[in-house]
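# Structure at a glance
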Amino acid sequence: THAAGSASCAWGEGAEAVAACTELLAGQALRKTLRIVALRKRAEAYAETKEYGKAIADLREIFDMRGEIVADFWLRGVSHFWLAEYKTAERFLAAASARAKNNPAYLLDLCRAQVMAGHPAKAIENFDRLIEQWPRNAEYLAGRGWAYYNSGDYPKAGEYYDKAIAIDGKNPDWFNE
């Protein structure tokens, strides 16, 4: 039924959500708002199952329907990042960060994309913004070290890695980036 499909689409995960949202979208004509919600959920589910190209296609349809929604820029940027399309990812993540200036997660993802796109100097500037707000965040300090490393400034990289290790030397998540 329509209600059961809506629930599975909204609350399901991975392949289950993809199937439920696809069925819902193929069914009766949906109100624009419900169609956007279903497309968004299916895009997230595609991303969970590493089907980033399909996620991007759904996000493009959402863009066409409603214009500039910050979270859509971010999700599209992250999808391009995982497809190793770093310059495109950088463009979308920069748009998300510009629209949500106080969102550290968006800015951190932008920094990562900037390094991978070959723009470590831009990433260093953005890591500075993060570190101004959170000077004892080991992930941001290590990220700045990583950006310096990728710019060829190994002494500065070592300085920031040391700062990060002094705060949280046991966290493999940020250290292995």
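Residues numbered from 1 in each chain as written. Predicted model: local features only at pLDDT ≥ 70, side-chain atom pairs only at ≥ 80, totals over all residues. Heavy atoms only, no water.

## As for the pattern of salt bridges
Note on pairing: side chains with opposite charge can pair once their charged atoms come close. Inspection of the entire model under this criterion finds nine salt bridges. The partner of Glu-90 in a salt bridge is Lys-122, and the shortest N-O contact between them spans 3.8 Å. Pair noted here: Glu-90 is in helix H6 (residues 86-99) and Lys-122 is in helix H8 (residues 120-133), with a separation of 32 residues, a long-range link. A salt bridge links Asp-109 to Arg-112; its shortest N-O distance comes to 3.3 Å. Of the two residues, Asp-109 and Arg-112 both sit in helix H7 (residues 104-116), three residues apart, roughly one turn of that helix. The exposure class assigned to Asp-109 is buried, which follows from its relative accessible area of 17%. When salt bridges with common partners are traced through the structure, they connect Asp-109, Arg-112 and Glu-139 into a single cluster. (Salt bridge = Lys/Arg side-chain N within 4 Å of Asp/Glu carboxyl O. Helix = DSSP H or I, 4+ residues; strand = E, 2+ residues; numbered from the N terminus. Buried < 20%, exposed > 50% of the residue type's maximum accessible area, 1.4 Å probe, protein only.)

## Looking at the side chain of Ser-97
Inspection of the secondary structure puts Ser-97 in helix H6. Discounting chain neighbours no more than four positions away, the residues touching Ser-97 are Tyr-106, Leu-107 and Leu-110. (Contact = heavy atoms within 4.5 Å.)

## Some remarks on helix H10 (residues 154-168)
Along its 15 residues, H10 runs 21 Å from first to last C-alpha, staying within 8% of the 21 Å computed at 1.5 Å per residue. Among all positions of H10, only Ala-157, Tyr-160 and Ala-164 are buried. Seen from one end, H10 has its buried residues packed into an arc of 75 degrees, which puts them on one side. Across from the buried face of H10, at angles greater than 90 degrees, the exposed residues are Pro-155, Asp-162 and Ala-166. Where H10 begins, the side chain of Asp-153 points an oxygen toward the backbone nitrogen of Lys-156, at a separation of 3.2 Å. (Expected span 1.5 Å × (residues − 1). Arc of directions from axis to C-beta. Polar contact = N/O pair within 3.5 Å; in protein donor to acceptor, adjacent residues only side chain to side chain.)

## Notes on the packing of helix H5 (residues 70-82) against H7
Relative placement of two packed helices is described by the angle separating their axes and the distance separating the axes. Interhelical geometry of H5 versus H7 gives an angle of 35 degrees and a closest axis separation of 11 Å. Seen along the crossing, H5 lies across H7 with a hand that is left-handed. For the pair H5 and H7, contact is made by Val-70, Ala-71, Trp-74, Val-78 and Phe-81 and by Tyr-106, Asp-109, Arg-112, Ala-113 and Met-116, respectively. Of the residues in the contact of H5 with H7, the class split is eight nonpolar, no polar and two charged. (Axes fitted to C-alpha atoms, helices over the stretch in contact; angles between N-to-C directions. Left-handed = near helix turned anticlockwise from the far one by under 90°. Nonpolar A, V, L, I, M, F, W, Y, C, P; charged D, E, K, R; others polar.)

## Some words on the side chain of His-80
Tracing the backbone shows His-80 in helix H5. Setting aside chain neighbours within four positions, we find His-80 in contact with Ile-56, Glu-85, Thr-88, Ala-89 and Phe-92.

## Comments concerning unusual backbone geometry
The phi dihedral of Lys-50 is positive, around 65 degrees, even though this residue is not glycine. In this structure, Ala-84 is a non-glycine residue whose phi angle is positive, near 65 degrees.

## With respect to the nonpolar core
With 25 residues, the main nonpolar core has Leu-93, Ala-123, Phe-127, Leu-130 and Ala-147 as its most contacted residues. Listed by contribution, the elements that provide at least two residues to this core are H5, H6, H7, H8, helix H9 (138-151) and H10. In terms of residue count, the dominant contributor to this core is H9 (seven residues). Ignoring anything within four residues of it in the chain, the contact list for Phe-127 reads Leu-108, Cys-111, Tyr-140, Gly-143, Arg-144 and Ala-147. With 13 residues, the next largest nonpolar core counts Leu-25, Ala-38, Ala-45 and Tyr-46 among its residues. (Core = buried A, V, L, I, M, F, W, Y, C linked by side-chain atoms within 4.5 Å.)

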